[in-house]
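As a plain string of letters, each chain reads:
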Number of protein chains: 4
Amino acid sequence: MATVLSVSGSPSAASRTNRLLRHLDRRLAAQGHEVIPLDVRTLPAEVLLGADFTHPAVVAATELFARADGVVVGTPVYKASYSGVLKALLDLLPQYALAGKTVLPLATGGTTAHVLAIDYALRPVLNSMGAAHIVQGWFTLDKDITVHENGTLTVAPPAAEALARVVDRFSTALTPAPALAAAS
Amino acid sequence: MATVLSVSGSPSAASRTNRLLRHLDRRLAAQGHEVIPLDVRTLPAEVLLGADFTHPAVVAATELFARADGVVVGTPVYKASYSGVLKALLDLLPQYALAGKTVLPLATGGTTAHVLAIDYALRPVLNSMGAAHIVQGWFTLDKDITVHENGTLTVAPPAAEALARVVDRFSTALTPAPALAAAS
Amino acid sequence: MATVLSVSGSPSAASRTNRLLRHLDRRLAAQGHEVIPLDVRTLPAEVLLGADFTHPAVVAATELFARADGVVVGTPVYKASYSGVLKALLDLLPQYALAGKTVLPLATGGTTAHVLAIDYALRPVLNSMGAAHIVQGWFTLDKDITVHENGTLTVAPPAAEALARVVDRFSTALTPAPALAAAS
Amino acid sequence: MATVLSVSGSPSAASRTNRLLRHLDRRLAAQGHEVIPLDVRTLPAEVLLGADFTHPAVVAATELFARADGVVVGTPVYKASYSGVLKALLDLLPQYALAGKTVLPLATGGTTAHVLAIDYALRPVLNSMGAAHIVQGWFTLDKDITVHENGTLTVAPPAAEALARVVDRFSTALTPAPALAAAS
């Protein structure tokens, strides 16, 4: 199947965005994909904020993107847009780091008033990086995500179904049909 | 006159954005404003990327914004948008940190193809922070900025004139007329 | 006081956008401004969709903009953006038809999920037309607007207060203080 | 092969956008696709600007979209965004008129400063209409399009190559591989 890099752009360890992405990773893994989680906040801060493209951590992140067939990009919405932490990582990657890749944009936030941040703020950035196919994404309200004491997570039914649908479409878009795979 | 916070959102010490803002600061200071420079990259990286709103460096930055009548926000354009480093700072501020303030958005970049990043990417973020008045900004091409050996800077004539014009309009917008000042 | 052009960009005669703008016009008039209503759908359709900049109706609309100190721009949100009808009018105006003017952007729509259309879609267009000051706008939910049988309109309390606030700020921004007025 | 609707959103009969789309139609037809040209300005103006979703011309346009596997959407850039005329057509279509479809966004304009209008203005609208796959688009400078006396058109070499590339990728994205086609 495909290799999927699942990038969480939250600065907070206890973030709903992080937990939601790891929850969705399991669905992608169950569909046979190799899923590589990447939490931006685990990268060294001075690397993310420096402009040193030759640092081993930057080179390693760049290689993760290069290896991936698909990339899940998840972000909390702050100030009507994606997080600065996520963008700091993207800024360190080559201009066309998403060339040829299928991308699933996801966001979480406190108000439906920020739903359009995916289409007006995040997608243009992903597109400028050469993404081949940015599938329909999804904005999940914070209040629809419940984190249990054991660390597991429940998503309220309508949001859970919508997320399952966008993840499955992403999964389908990732999988080249035999004829195309043979031709490429 | 007014207090102006001049924020450079470049991750690079040798950045044209930083130098351009410091160059323009002198024009604002000559017009009688108190200008406070703030280079985002001088903040501790782990603070910028953490989500600790109570850290003294975050509190200090928040106070600088609170004190300012006007804010210059300068950013290099990366991946068709503002820098992640700049957004990481804005993410740490209160939602309405720009309420009541006059804002001058500036960007630098390698290609005119990125001119619209100011209006489509940066302004919506500044607006979500409650800015009272975001004046017309300017996008300066990297090639129009020459940094000399002694650290001074020359901007190519047409860009220099445009920058002088937007800085002067910002300066005028900053200065409440006597009647309004007395009434407020 | 000031001359305000109040432009409604709805294609529908029974539109909530139109009625809301005419309702707000009364508040502006009560504050002493001369308010000129302009409903885009009253312009001849073949003029709006043609590209004939010399047509008398286009020349007349251009003069209305030229005369105005301030412009209220109201639009329903369709397909996550402003209406095509509104944009068709703006397309016929000179590139800098809003130069030197104060602008109040307003939108109506069926879902809060479209709130950001003002900042990400409408404002960049108004800004490209040289607007001097685009004040904070407001998105009103259709369900908060009640049209009575006699044609009058009631806005639900929290939305009504927010609208009064943005209209009053626009009104203040329109009125040059004596010192500035004398100097200009 | 596939059915492609090729929509030109220019209000002008002599428009470069229109001619460019018809020029590219030939490439798509030569690849075996059925190409249906649609020039927005040929629709009755009062229909485009009215809000009558039951008018036969609106019903006919809606059916053209429904039949298409792929849609080329071309627009001149006016006021830093797509044309009002194009948006007026899109406003008349069902909310999800692009569901399941592959879309190629194209723009023409006088300055490279407007390149980002495709990603920041046009794509969010197309995305709100449920497009399954919006492939990488292209912005062609007016000066790179030469219209000859006999009505044929030449595109300057680098732009011509870029256009051929995006059209061919769109063509490939349109064509379901045998296995997927059988399964769907």
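Residues numbered from 1 in each chain as written. Chains lettered and ligands numbered in written order. Predicted model: local features only at pLDDT ≥ 70, side-chain atom pairs only at ≥ 80, totals over all residues. Heavy atoms only, no water.

## Details of the confidence of the model for chain A
Residue and element names in this part refer to chain A.
Turning to step 1, where the next piece is worked out: For chain A, the average pLDDT comes to 92, and 95% of its residues sit at 70 or higher.
Turning to step 2, where the next piece is worked out: Residue range residues 177-184 is modelled with pLDDT below 50. Its contacts to residues more than four positions away, or to other chains, number eight contacts.
Turning to step 3, where the next piece is worked out: Scoring of the predicted complex yields 0.95 for pTM and 0.93 for ipTM. (pLDDT = per-residue confidence, 0-100. Contact = heavy atoms within 4.5 Å.)

## A word on the interface of chain A and chain B
Turning to step 1, where the next piece is worked out: Facing 26 residues of chain A, the contacting portion of chain B comprises 26 residues.
Turning to step 2, where the next piece is worked out: Counting each side, the surface lost to burial between chain A and chain B is near 2,000 Å², with a carbon and sulfur contribution of 64%.
Turning to step 3, where the next piece is worked out: Here chain A and chain B share zero salt bridges between them.
Turning to step 4, where the next piece is worked out: At the surface where chain A touches chain B, the tally comes to 14 residue pairs in polar contact (both at pLDDT 80 or more).
Turning to step 5, where the next piece is worked out: Only helix 2 (45-49), helix 4 (84-92) and helix 5 (117-128) of chain A provide two or more residues apiece to the side of chain A that touches chain B.
Turning to step 6, where the next piece is worked out: For the side of chain A that touches chain B, the element with the highest residue contribution is helix 4 of chain A, accounting for six residues. (Buried area = accessible area lost by both parts, 1.4 Å probe. Salt bridge = Lys/Arg side-chain N within 4 Å of Asp/Glu carboxyl O. Polar contact = N/O pair within 3.5 Å; in protein donor to acceptor, adjacent residues only side chain to side chain. Helix = DSSP H or I, 4+ residues; strand = E, 2+ residues; numbered from the N terminus.)

## Some details on the pairing of strand 4 (residues 102-109) of chain C
Residue and element names in this part refer to chain C.
Turning to step 1, where the next piece is worked out: Most of strand 4 is tucked away, with eight of its eight residues classed as buried.
Turning to step 2, where the next piece is worked out: Residues Thr 102, Leu 104, Leu 106 and Thr 108 point to one face of strand 4 and Val 103, Pro 105, Ala 107 and Gly 109 to the other, with burial holding for every one of them.
Turning to step 3, where the next piece is worked out: Across seven bridges, the pairing between strand 3 (residues 70-76) and strand 4 is parallel. Residue pairing in the sheet places Gly 70 in a bridge with Thr 102 of strand 4.
Turning to step 4, where the next piece is worked out: Of the crossover connections in this fold, the one passing from strand 3 over helix 4 (residues 84-92) to the parallel strand 4 is right-handed.
Turning to step 5, where the next piece is worked out: Pairing analysis gives two bridges linking strand 4 to strand 5 (residues 133-134), with the strands arranged parallel. Bridging from a neighbouring strand, Val 103 pairs with Ile 134 of strand 5. (Buried < 20%, exposed > 50% of the residue type's maximum accessible area, 1.4 Å probe, protein only. Pairing = 2+ DSSP bridges. Right-handed = clockwise from strand over helix to strand, strands pointing away.)

## Quick look at the pattern of salt bridges
Turning to step 1, where the next piece is worked out: Summed over the entire model, instances satisfying the criterion amount to 28 salt bridges over all chains.
Turning to step 2, where the next piece is worked out: Notably, a salt bridge pairs Asp 144 of chain A with Lys 143 of chain A, separated by 3.4 Å at the nearest N-O pair.
Turning to step 3, where the next piece is worked out: The class for Asp 144 of chain A is buried, based on a relative accessible area of 18%.
Turning to step 4, where the next piece is worked out: A residue is classified by how much of its surface remains accessible, and Lys 143 of chain A, at 68% relative accessible area, is exposed.
Turning to step 5, where the next piece is worked out: The shortest N-O distance in the salt bridge between Asp 91 of chain B and Lys 87 of chain B comes to 2.7 Å.

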